[in-house]
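Coordinate inspection notes
Here is what each chain is made of, one letter per residue.
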Amino acid sequence: MAQKGVDLDQENFSCSICLDLLKDPVTIPCGHSYCMKCIQGFWDGEEKIHSCPQCRKTFTPKPVLVKNFMFANLVEQLKKTGVQAAPADHCYAGPEDVSCDVCSGRKQKAFKSCLICLTSYCEKHLQPHLDEAAFKKHKLVEPSKNLQENICSIHDEVMKMFCRTDQKCICYLCSVEEHRGHDTVSAAAERTERQRDLEESQQQIQQRIQDREKEVKLLQQQLEAINHSADQTVKDSEEIFTEVIRLIQKRSSDVKQQIRSQQQTEVSGVKDVQEQLEQEITELKRRDAELKQLSLTEDHSQFLLHFPSLPPLRESTSSINVRPRRYFEDVTAAVSELRDKLKDILRESLTVTHVDVSLPEPEPRSRADFLRYSCQITLDPDTAQRELLLSEENRKVTFMEKRQSYSDHPDRFTDCVQVLSRESLTGRRYWEVERKGVVSVAVTYKNISRSGDDSGFGLNDKSWALDCFPDSLSFLHSRLKTFISAPVSSRIGVYLDHRAGVLSFYSVSEGMTLLHRVQTTFTQPLHAGLWLSNKGDSAEFSKLK
């Protein structure tokens with residue numbers, strides 16, 4: 001039963017500054033008790049007026065601290081029971097948390113911040129603001145690390161005014177001194193005015209969001225219509241070509257049947273004539289034998305007697321024409337003609353399809369021609385390796401000695417000192433890069449690896465890179481290096497024809513010199529890329545008119 005009583009009263013023996021059991025407890029004139037070391041440390045932070053951390057009652061002069069032996073004995077009894085009054089670890093402030101300004105030692109998380117006191121309080125130290133009438137008018141807000149920004153750096157006063165002339169927050173003394181005669185209002189009044197502007201901007205943004213969502217919906221419908229049309233066209237085309245193939249196969253069968261029928265007719269006619277001729281030959285051979293037998297008769301009377309009885313030889317009725325026949329060669333010629341006509345029809349249909357998409361254009365020749373396709377390129381900070389500094393509205397990159405404080409991002413390069421453009425590149429595009437030092441000017445698919453040996457431009461099949469050294473040039477793709485024999489220039493021009501699969505690099509000075517040309521098939525949109533080799537190297541996308 002006694003143990004239960006200790007459990008109920010243990011909070012009464014805890015220091016509200018360190019939140020632990022009292023050590024060398026002292027009681028100040030207002031009646032609140034603290035560890036002697038804690039209250040001394042708290043008062044050491046105050047200059048002239050000394051106050052109670054809980055009720056904020058002030059004391060002048062500084063009270064003499066005397067140990068409270070009764071509290072000390074009770075605390076010793078509590079310690080013997082093994083009971084500790086320290087809060088759970090999750091109540092303590094971490095590196096990202098706003099900590100209580102009143103706690104000493106290990107600080108707890110702030111529960112609220114007071115804009116009047118300019119102090120952040122944990123839940124325990126906030127209690128006087130909730131209970132005491134003197135704090136009722138104080139403005140409590142969510143914990144903030146930026147409370148000191150509300151203090152005027154000149155007068156060390158809370159800035160409750162706003163100067164519309166200079167567009168800055170000021171304190172009351174500023175309004176009668178440095179900003180005297182300016183258009184000044186209370187910060188609350190300016191907040192009300194700005195709040196209306198903010199709400200109007202929110203409405204405009206929300207309306208813009210709704211408009212864009214409608215446009216996205218329309219585009220989605222257009223995509224669905226395009227895909228449906230393409231799918232239906234593929235299906236219809238397959239059915240039509242299947243029907244064409246079936247018709248060709250049927251026609252082939254008909255022609256074959258006609259050829260065989262004509263063959264039978266011709267063969268039958270030839271055989272009939274051949275049979276007649278063979279019969280005539282047999283008859284002639286028989287007559288020839290009779291005549292030979294008669295010619296061998298020695299009796300003249302018998303010869304004369306039988307000779308008149310021989311029938312006369314019939315006239316030959318044969319009308320055989322031995323010229324070559326060309327029935328089937330004519331069929332072959334007709335089928336060949338049909339094949340050629342079908343090729344022409346298919347070729348014309350394919351030509352029409354290409355015309356509907358776009359007509360091929362000749363590649364630019366002069367710099368003026370290239371500038372017709374010029375585009376403005378900016379670098380994406382979320383992809384920049386941490387030793388790269390972006391400047392000139394994210395058009396320039398410099399290799400720095402010190403790592404930059406970029407936030408973590410899945411698109412950021414971690415190993416290779418390189419960066420990608422924010423814009424994706426399709427169609428025909430031209431841009432120029434002004435370099436200083438060893439720089440690689442590249443194009444790449446966005447899904448290039450962000451870490452490891454394969455993440456470097458030109459070290460994979462996803463990127464194409466022109467490596468520019470002080471006295472040499474080389475082209476790199478899929479780890480295959482091509483050395484380029486050409487004058488080295490500080491300005492490099494890049495021309496891309498995405499649909500045609502053309503990528504060209506030029507040296508730009510008084511004229512344009514082609515350094516390397518790639519002919520391939522691009523399967524994804526491309527991004528421009530820059531890689532730097534040494535500290536101090538830099539590269540900038542030029543502004544082209």
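Residues numbered from 1 in each chain as written. Predicted model: local features only at pLDDT ≥ 70, side-chain atom pairs only at ≥ 80, totals over all residues. Heavy atoms only, no water.

- Per an unreviewed UniProt entry, the protein chain carries the name Tripartite motif-containing protein 16-like and comes from Oryzias melastigma.

**A look at the overall build of the protein chain**
- A count of helical and extended segments in the protein chain gives nine helices and 23 strands.
- The long-range fraction of contacts in the protein chain, counting pairs at least 24 apart against all pairs at least 6 apart in sequence, stands at 55%.
- Accessible surface, the protein chain: about 36,100 Å² in total, of which carbon and sulfur atoms supply 52%. (Helix = DSSP H or I, 4+ residues; strand = E, 2+ residues; numbered from the N terminus. Contact = heavy atoms within 4.5 Å. Areas by Shrake-Rupley, 256 points an atom, 1.4 Å probe, with all protein chains shown as cover.)

**Some remarks on the nonpolar core**
- Counting 37 residues, the largest nonpolar core has V397, W431, W464, L503 and L530 as its most contacted members.
- Beyond its immediate stretch of four places on either side in the chain, V397 contacts L379, L388, L389, L390, V419, L530, L532, D537, S538 and A539.
- With 21 residues, the next largest nonpolar core counts F13, L21, C52 and C55 among its residues. (Core = buried A, V, L, I, M, F, W, Y, C linked by side-chain atoms within 4.5 Å. Buried < 20%, exposed > 50% of the residue type's maximum accessible area, 1.4 Å probe, protein only.)

**A closer look at the sheet that holds strand β9 (residues 168–170)**
- Taken together, the three strands give an open sheet; going across it, the order is β9-β8-β10, and neighbouring strands pair in antiparallel fashion. Here the strands that pair on one side only, and so sit at the sheet edges, are β9 and β10 (184–186). Between one strand axis and the next, the sheet turns through 35 degrees on average, direction left out of account.
- Here three bridges tie strand β8 (residues 161–163) to β10, and the two strands are oriented antiparallel to one another. Across the sheet, the residue bridging to M161 is S186, located in β10.
- Helix α6 (residues 187–295) rests against β8 and β10 of the sheet, and its axis sits at about 90 degrees to β10. (Pairing = 2+ DSSP bridges. Axes fitted to C-alpha atoms, helices over the stretch in contact; angles between N-to-C directions.)

**Observations concerning the sheet that holds strand β22 (residues 526–532)**
- Strands sit in the order β13-β22-β15-β16-β17-β18 across an open sheet of six strands; the sheet is antiparallel. In this open sheet, the two strands that pair with only one neighbour each are β13 (418–420) and β18 (480–484). Between one strand axis and the next, the sheet turns by 20 degrees as a mean value, whatever way the strands run.

**Some remarks on the packing of aromatic side chains**
- Under the definition given, this model contains nine aromatic pairs.
- When the ring of W43 is compared with that of F59, the centres are 6.5 Å apart and the planes differ by 65 degrees; the resulting orientation is edge-to-face. Of the two residues, W43 sits in helix α2 (residues 36–44) while F59 sits in strand β4 (residues 58–59), which places them 16 residues apart along the sequence. Pair check on accessibility: W43 and F59 agree, each one buried.
- Relative to Y430, the ring of F370 has its centre 5.2 Å away and its plane inclined at 35 degrees; by these criteria the two rings are tilted. Separated by 60 residues along the polypeptide, F370 in helix α9 (residues 367–371) and Y430 in strand β14 (residues 428–436) bring together distant segments of the chain. Accessibility assignment for this pair places F370 and Y430 in one class, buried.
- Ring pairs connect the aromatic residues F370, Y373, Y430, Y495 and Y506, which therefore count as one cluster. (Phe/Tyr/Trp six-rings, centres within 6.5 Å; stacked < 30°, edge-to-face > 60°.)

**Some points on the pattern of salt bridges**
- Scanning the model with the defined rule gives 22 salt bridges in all.
- Close ionic contact of E215 with R212 constitutes a salt bridge, the shortest N to O distance being 3.2 Å. Residue E215 and its partner R212 are located together in helix α6, separated by three residues, close to a single helical turn.
- Look at E215 and you get partly exposed, because its relative accessible area is 40%.
- Note on R212: relative accessible area 41%, which makes it partly exposed. (Salt bridge = Lys/Arg side-chain N within 4 Å of Asp/Glu carboxyl O.)

**Observations regarding the state of the cysteines**
- Taken as a whole and assessed by the stated rule, the structure comprises zero disulfides.
- Summary of cysteine pairing: C52 is not part of a disulfide, and the nearest cysteine sulfur, belonging to C30, is at 3.6 Å.
- For C52, a relative accessible area of 0% puts it in the buried group. (Disulfide = S-S within 2.5 Å.)

**Quick word on α6**
- Taking 1.5 Å per residue as the helical rise, α6 with its 109 residues ought to reach 162 Å, and the 155 Å between its terminal C-alpha atoms agrees with that figure.
- Within α6 the residues assigned to the buried category are E190, V255, E266, R287 and L294. (Expected span 1.5 Å × (residues − 1).)

**Quick notes on the side chain of R428**
- Here R428 lies in strand β14.
- Residue R428 is classed as buried on the basis of its relative accessible area, which comes to 14%.
- Side chain to side chain, R428 and Y373 meet in a polar contact 2.9 Å long.
- A polar side-chain atom of R428 sits 3.2 Å from a polar atom in the side chain of Y495. (Polar contact = N/O pair within 3.5 Å; in protein donor to acceptor, adjacent residues only side chain to side chain.)

**Re the confidence of the model for the protein chain**
- For the protein chain, the mean per-residue pLDDT works out to 85, and 89% of the residues sit at or above 70.
- Every residue in residues 1–8 is under pLDDT 50, and counting partners more than four places away or in other chains gives five contacts.
- The low-confidence segment residues 351–360 (pLDDT under 50) makes three contacts with residues lying over four places distant or belonging to another chain. (pLDDT = per-residue confidence, 0-100.)

**Digging into the pairing of strand β12 (residues 396–399)**
- Across four bridges, the pairing between strand β11 (residues 388–391) and β12 is antiparallel. By the bridge assignment for β12, L389 is matched with T398.
- Hairpin connection between β11 and β12: a loop of four residues separates the two successive antiparallel strands, and E392 in this loop has a positive phi of roughly 50 degrees.
- Sheet topology places β12 next to strand β23 (residues 538–541); three bridges connect them, and they run antiparallel. Note that in β23 the partner of T398 across the bridge is S538.

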